[in-house]
Amino acid sequence: MRRWSPVRLFRSRSRTTALLCTAALAVVAATALHSPAGAAQADPGPYSATTGVGVHNAYEKATFPYVGQALDSGAGLLEFDVWTNNFGGGWRVSHDNPLGNNNNCTNAATPEELENGDRDRDLAGCLTDLRTWSEANPGHRPIQLKLEMKDGFNAVGGRGPVEFDALVAEKLGDAVHRPSQLLGEHATLDDAVRADGFPSRDALAGKFLIHLIPGTVEQGNPFDDLWTDEEYARHLHTRAGEGELDTATAFPAVLGAEAGDPREERYEAALRPWFVVFDGDASAYAGETIDTAWYAERNYLLVATSAHGVAPAIDAREPSPEEAAGRVAELAAGVHATTVTSDWAALPEVLATVLPRGGN
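I will try to describe carefully the structure that is included in this document. Since this is a predicted model, take the numbers as computed values, not measurements.

1. Some points on a negative patch on the surface
A contiguous patch of negative charge, built from Asp315, Glu318, Glu322 and Glu323, is present on the exposed surface. Within the secondary structure layout, Glu323 lies in helix α12 (residues 321-334).

2. With respect to the state of the cysteines
Evaluated as defined, the whole model comprises 1 disulfide. Two residues share a disulfide in this structure: Cys105 and Cys126, whose sulfurs sit 2.0 Å from each other. Its S-S torsion of about 100° marks the bond between Cys105 and Cys126 as right-handed, since a negative value means left-handed. Here the residue Cys105 occupies a position in the loop between β3 (92-93) and α3 (123-136), and Cys126 occupies one in helix α3, the gap between them amounting to 21 residues. Residue class for Cys105 comes out buried when judged on its relative accessible area of 0%.

3. As for the pairing of strand β7 (residues 277-281)
By the criterion of burial, β7 is predominantly enclosed, with 5 of the 5 residues buried. By the bridge criterion, 3 bridges tie strand β6 (residues 250-255) to β7 in an arrangement that is parallel. In the sheet register, Ala253 faces β7, and the bridge partner there is Val277. As paired strands, β7 and strand β8 (residues 301-305) are joined by 5 bridges and run parallel to one another. Looking at β8, one finds that Asp281 is bridged to Thr305.

4. As for the pairing of strand β2 (residues 77-83)
Of all the 7 residues making up β2, 7 are buried; the element is thus mostly covered by neighbouring parts of the structure. Burial of β2 is two-sided: the residues Leu77, Glu79, Asp81 and Trp83 facing one way and the residues Leu78, Phe80 and Val82 facing the other way are all buried. The sheet contact formed by strand β1 (residues 50-55) and β2 spans 2 bridges and is parallel. For Val55, the partnering residue across the bridge sits in β2 and is Leu78. By the bridge criterion, 6 bridges tie β2 to strand β4 (residues 143-149) in an arrangement that is parallel. Bridged to Asp81 within β4 is Glu148. Pairing between β2 and β3: 2 bridges, direction antiparallel.

5. Quick look at the packing of helix α4 (residues 161-172) against helix α8 (residues 228-241)
At a minimum axis separation of 10 Å, α4 and α8 run at an interaxial angle of 80°. Here α4 is positioned roughly perpendicular relative to α8, judged by the angle of their axes. Across the interface between the two elements, Pro161, Val162, Phe164 and Asp165 from α4 touch Glu231, Tyr232, His235 and Arg239 from α8. Across the contact of α4 with α8, the residue classes tally to 4 nonpolar, 1 polar and 3 charged.

6. Structural notes on the environment of Phe208
If you trace the backbone, Phe208 turns up in strand β5 (residues 208-214). Looking at Phe208, the relative accessible area reads 1%, which means it is buried. Measuring from C-alpha to C-alpha, the distance between Phe208 and Leu172 comes to 8.6 Å, with 36 residues separating the pair along the chain. If sequence neighbours within four positions are ignored, Phe208 has contacts with Leu71, Leu130, Ser134, His140, Ile143, Leu145, Leu172, Ala175, Val176 and His177.

7. Digging into the packing of α3 against α4
One can describe the packing of α3 onto α4 by two numbers: an axis separation of 8 Å at closest approach and a directional angle of 35°. Like other packed secondary-structure pairs, α3 and α4 cross with a definite hand, here right-handed. For the pair α3 and α4, the contacting residues are Leu123, Ala124, Leu127, Thr128, Leu130 and Arg131 in the first and Phe164, Leu167, Val168, Lys171 and Leu172 in the second. The residue makeup of the contact of α3 with α4, split by class, is 8 nonpolar, 1 polar and 2 charged.

8. Considerations on unusual backbone geometry
Between Ala311 and Pro312 the backbone carries a cis peptide bond, its omega angle lying at -5°. If you trace the backbone, Pro312 turns up in the loop between β8 and α12. Despite not being glycine, Asn57 has its phi angle at roughly 45°, a positive value. As for its placement among the helices and strands, Asn57 is situated in the loop between β1 and α2 (67-72). Classification of Asn57 by relative accessible area gives buried; the value is 2%. Unlike most non-glycine residues, Asn107 shows phi in positive territory, near 55°. You can see Asn107 is positioned in the loop between β3 and α3. Among the residues examined, Asn107 registers a relative accessible area of 32% and is labelled partly exposed.

Rules behind the numbers
Residues numbered from 1 in each chain as written. Predicted model: local features only at pLDDT ≥ 70, side-chain atom pairs only at ≥ 80, totals over all residues. Heavy atoms only, no water. Patch = residues over 30% accessible without salt bridge, like charges linked within 9 Å, V, L, I, M, F, W, Y side chains within 5 Å. Areas by Shrake-Rupley, 256 points an atom, 1.4 Å probe, with all protein chains shown as cover. Salt bridge = Lys/Arg side-chain N within 4 Å of Asp/Glu carboxyl O. Lys, Arg positive; Asp, Glu negative; His and termini not counted. Charge placed at Lys NZ, Arg CZ, Asp CG, Glu CD. Helix = DSSP H or I, 4+ residues; strand = E, 2+ residues; numbered from the N terminus. Disulfide = S-S within 2.5 Å. Buried < 20%, exposed > 50% of the residue type's maximum accessible area, 1.4 Å probe, protein only. Pairing = 2+ DSSP bridges. Axes fitted to C-alpha atoms, helices over the stretch in contact; angles between N-to-C directions. Parallel < 35°, antiparallel > 145°, perpendicular 65-115°, else oblique. Contact = heavy atoms within 4.5 Å. Nonpolar A, V, L, I, M, F, W, Y, C, P; charged D, E, K, R; others polar. Left-handed = near helix turned anticlockwise from the far one by under 90°.

This is the structure we're talking about:
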């Protein structure tokens, strides 16, 4: 299939409607500002009908010294970077070290170890932290895990989709909401979400929902013609055909904001219905060329990244709570995002926000 580059559009648009919606939704945003970080809030309906807030690269020590603090923050999405190449062992979690681990995970066996254990663990250790925290916080808010596969899967080296699923199943078990659970009696994930949407937030309490994107190194590798998104979609398609979709643990995401249905030019017809998560730059979605209501009408998840960069830009790390809450409300109403992400780790009162998608 034709490969692509994520579209980065920074064209300005008329913001009158969005700003009016922002003012109206600011009151709604305030209701989430003091919710307990680990607790599920009063159920506002289907997960796909709401907007939450996530943290970019939540595994970095400069963002949260310990991953337990990221989990306690109230954020609805946490992002991790994963390396699989043969120059290092296991599934490494790091931003720019392809050979080893550099992160805030501790492989905690007890809740006390979440914030005082030795850090720099592999993906197994990070997933162990998530399960330990989850068991200590039963009924916690649904948490979306965004995994950027920095250099892609490495099936030849024993780190492909099958091994990934096995690792997640071992460490997180029934704490993961799997594609098979979303599928139900439908033929494809697309059929399922267009008919029923995602489950309610109450139904997803205590659960993690994982989506995968191709990594920056993978995208720049001229020898890699099977990126994470396509590889995992093929995996889902195959598993479903074999009657073994229940072994799959994640959702492939379409990366990069693009007008129309971005699946049509990127993937063969059989794979398109296995993509129900879309991930792209908030500034592109806020431009004039993309009809984001299309995603909401079909109950797809839409992750809008770098929310701080939407004009007029606000601080990427520590804007005022009012600025950040206003930006979340703006992107919930005008962009129909289901998750808005930035580096706002210092604003737990904003990270706990849950708004109605589309401002309804």
